[in-house]
Structure formats: structure tokens, C-alpha cells
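Letter by letter, the chains look like this.
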Amino acid sequence: MKRHKLLNVPSIRRLPSYLQVVKGAAEEGREYISGTYIAQELELEAIQVRKDLALTGIMGKPRLGYPVQELIHAIERFLRWDIDQFACLVGAGNLGQALLGYQELKRHKLHIAAAFDVDPSKIGKVVHGTRIHPLSEFAAVKEKEDFEMAILTVPPEVAQEVAEIIVDHGIKGIWNFTNVKLKLPSHVVVQQEDLSSGYAVLSLKMAKFAR
């Protein structure tokens, strides 16, 4: 069975940036915001912004733009950032611990209920309010905390093995921060987060700017 592909991924990736601009406008006390203003703030084309925002179902008003508060709610509702979701983190190394302390996740109602590792020096510690459990206790902790999503930040050489373990215990979605393309059953949703791709774009932009 083929995995279901999500349409309009580039547009969806831009929505959080739009939300940040719109929330900034709200803090300034603005009641309306135009697609052109958002486009200028993010160095995009206004027509692209309007097409992206159309995904949320909201419509702008002629000569006024989008009602700021309604637009915030529309984007958050579309992204499902208006409901609490719970995840675990597997791999409490430097990156994992940084994500435990990343407050933006909580602002978007993603709560990390538990963390796991195999390193005895990490197990039992509480990092940014989240306890690190031994991976061997994954099933017991999951039964208590009831999360279905996992953030994977383990070393690449064990990524596939660890992913299979947590999927066997009911994980249905993985936010994969390793550089390994996971081979998992089709019912498991995997989002690959490649940090090196962002650096690649920055590197080329810097080179172009230096000429």
C-alpha cells in the first residue's frame, strides 16, 4: 500500500511564518492585515500568500484585507494547532534536550509527555520538566501517558531499530530528525526533518551575497 501524500506541502510549510507575522500585527493592535503586507514581510509574492491562505478557508475583505484575529484562528485551526497533542521524545542527546526546552512546541499545543534514552547517565533526569525514561520501559510509560507521536533524535545507526520498537508499541507518527529514511508500515506517518537542507540554502545565499 502506498503512503498517502499530503498536498500543498510548500504552502503548509509557509503558514507558520504567516502566523508569526499576523500575531505581530495583533500585538500592534491592528484589526486587519493584507496579503501584500505579509508578502513584503516575508519577501514573497502577494498572490502566493493569498493562495496559501485560501487553504484555511478564510477570505479577505476588499480594501481591508484579512481580519487579524480571524486569520490567526483560521491558520491555527487548519494546522490543528488549536488542540492539545501529545508526543514522546526518543533520544535525549544534545538535539533532543534542546527540543525539550523549545517553548514554541508548547505554544502550538504539542506537549512532550516523556523522553527516552538508553544512556544510564541520562535516565532518571528531568530536562525542562520532562523525565527521561529507559527505552526498555517504553510500553509501560506509553500506556500511562497515552501518546501516539514520537520525536526521533537518536544516532542514525540505531534509528531504524528504535523506530521499529516504538511502532510495535503503538506509535503512529514519527517526526524524524535523523538522516535515515525509515522503512516502516504504511499506516505510520513519518515526517523527515533534514536540518542540512536548510544549511545548504543558507550557504548558497551567503555565497551569492558575497559576490
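About the criteria used
- Residues numbered from 1 in each chain as written.
- Predicted model: local features only at pLDDT ≥ 70, side-chain atom pairs only at ≥ 80, totals over all residues.
- Heavy atoms only, no water.
- Salt bridge = Lys/Arg side-chain N within 4 Å of Asp/Glu carboxyl O.
- Helix = DSSP H or I, 4+ residues; strand = E, 2+ residues; numbered from the N terminus.
- Buried < 20%, exposed > 50% of the residue type's maximum accessible area, 1.4 Å probe, protein only.
- UniProt positions renumbered as here; feature names shortened; annotations may be inferred.
- 1 Å grid on protein atoms, 1.4 Å probe; cavity = no way out; pocket = protein on both sides within 12 Å on 5 of 7 lines; lining within 4 Å.
- Contact = heavy atoms within 4.5 Å.
- Core = buried A, V, L, I, M, F, W, Y, C linked by side-chain atoms within 4.5 Å.
- Arc of directions from axis to C-beta.
- Phe/Tyr/Trp six-rings, centres within 6.5 Å; stacked < 30°, edge-to-face > 60°.
- Lys NZ or Arg CZ within 6 Å of the ring centre and 35° of its normal.
- Pairing = 2+ DSSP bridges.

A. Spotlight on the pattern of salt bridges. If you walk through the whole model with that rule in mind, you get 5 salt bridges. Among the ionic pairs, D52 bridges to R14, the shortest N-O distance being 2.6 Å. With a gap of 38 residues between them, D52 in helix α3 (residues 46-54) and R14 in helix α1 (residues 9-27) connect regions that are remote in the sequence. With relative accessibility at 0%, the residue D52 sits in the buried group. Close ionic contact of D119 with K122 constitutes a salt bridge, the shortest N to O distance being 2.9 Å.

B. Region of the structure containing the UniProt feature "DNA-binding region" (unreviewed entry) in the protein. When the UniProt feature table is mapped onto this chain, "DNA-binding region" (unreviewed entry) is found at residues 17-56. End C-alpha to end C-alpha, residues 17-56 measures 14 Å, and it is 70% helix and 5% strand.

C. Fine view of the UniProt feature "binding site: NAD(+)" (unreviewed entry) in the protein. Using the residue numbers shown here, the UniProt feature "binding site: NAD(+)" (unreviewed entry) corresponds to G91, A92, G93, N94, L95 and G96. The subset of the named residues that lines the second largest pocket consists of G91, A92 and G93. Tracing the chain through its elements places G93 in the loop between β3 (85-90) and α5 (94-100). Taking relative accessible area as the criterion, G93 reaches 25% and is therefore assigned partly exposed. Beyond its immediate sequence surroundings of up to four residues, G93 is in contact with D117 and K122. In this fold, G96 is placed in helix α5.

D. Inspection of the nonpolar core at higher detail. Core analysis: the biggest nonpolar cluster contains 22 residues, and V90, F116, F138, L152 and I174 have the highest contact counts within it. Residue assignment for this core shows that the elements contributing at least two residues are β3, β4 (110-117), α7 (138-145), β7 (149-152) and α8 (156-168). In terms of residues, this core owes the most to one element, α8, which gives 5 residues. Leaving out residues up to four positions away in the same chain, F138 has contacts with C88, V90, F116, F147, I166, H169 and I171.

E. Up close: α3. Within the span of α3, buried status applies to A46, V49, D52 and L53. Viewed along the axis of α3, the buried residues span an arc of 125°, placing them on a single side of the element. Facing away from the buried side of α3 by more than 90 degrees, the exposed set consists of I47 and K51. Looking at the packing, one finds that the buried side of α3 touches α1, α2 (35-42), β2 (66-67) and α4 (68-78).

F. Spatial organisation of the packing of aromatic side chains. Counting across every chain of the model gives 4 aromatic pairs. On the basis of an interplanar angle of 45° and a centroid distance of 4.8 Å, the ring pair of F116 and F138 is categorised as tilted. In this pair, F116 sits in strand β4 while F138 sits in helix α7, placing the two residues 22 residues apart along the sequence. There is no split in this pair, since F116 and F138 are both buried. Between the aromatic rings of F138 and F147, the centroid separation amounts to 5.8 Å while the plane-to-plane angle is 70°, which identifies the pairing as edge-to-face. The same class applies to F138 as to F147, namely buried. Through successive ring pairs, a cluster of aromatic residues spans F116, F138 and F147. Between the NZ or CZ atom of R30 and the centre of the ring of Y37, over which it lies, the distance is 4.3 Å.

G. Quick look at the pairing of strand β6 (residues 130-134). Within β6, 4 of the 5 residues are buried, which leaves the element mostly enclosed by the surrounding structure. With 3 bridges joining them, β4 and β6 adopt parallel strand pairing. Pairing of D117 across the sheet is with P134, part of β6. By the bridge criterion, 2 bridges tie strand β5 (residues 126-127) to β6 in an arrangement that is antiparallel. Bridge pairing in β6 places V126 opposite R131. The hairpin formed by β5 and β6 contains 2 residues between the paired strands, and H128 there has a positive phi angle of roughly 50°.

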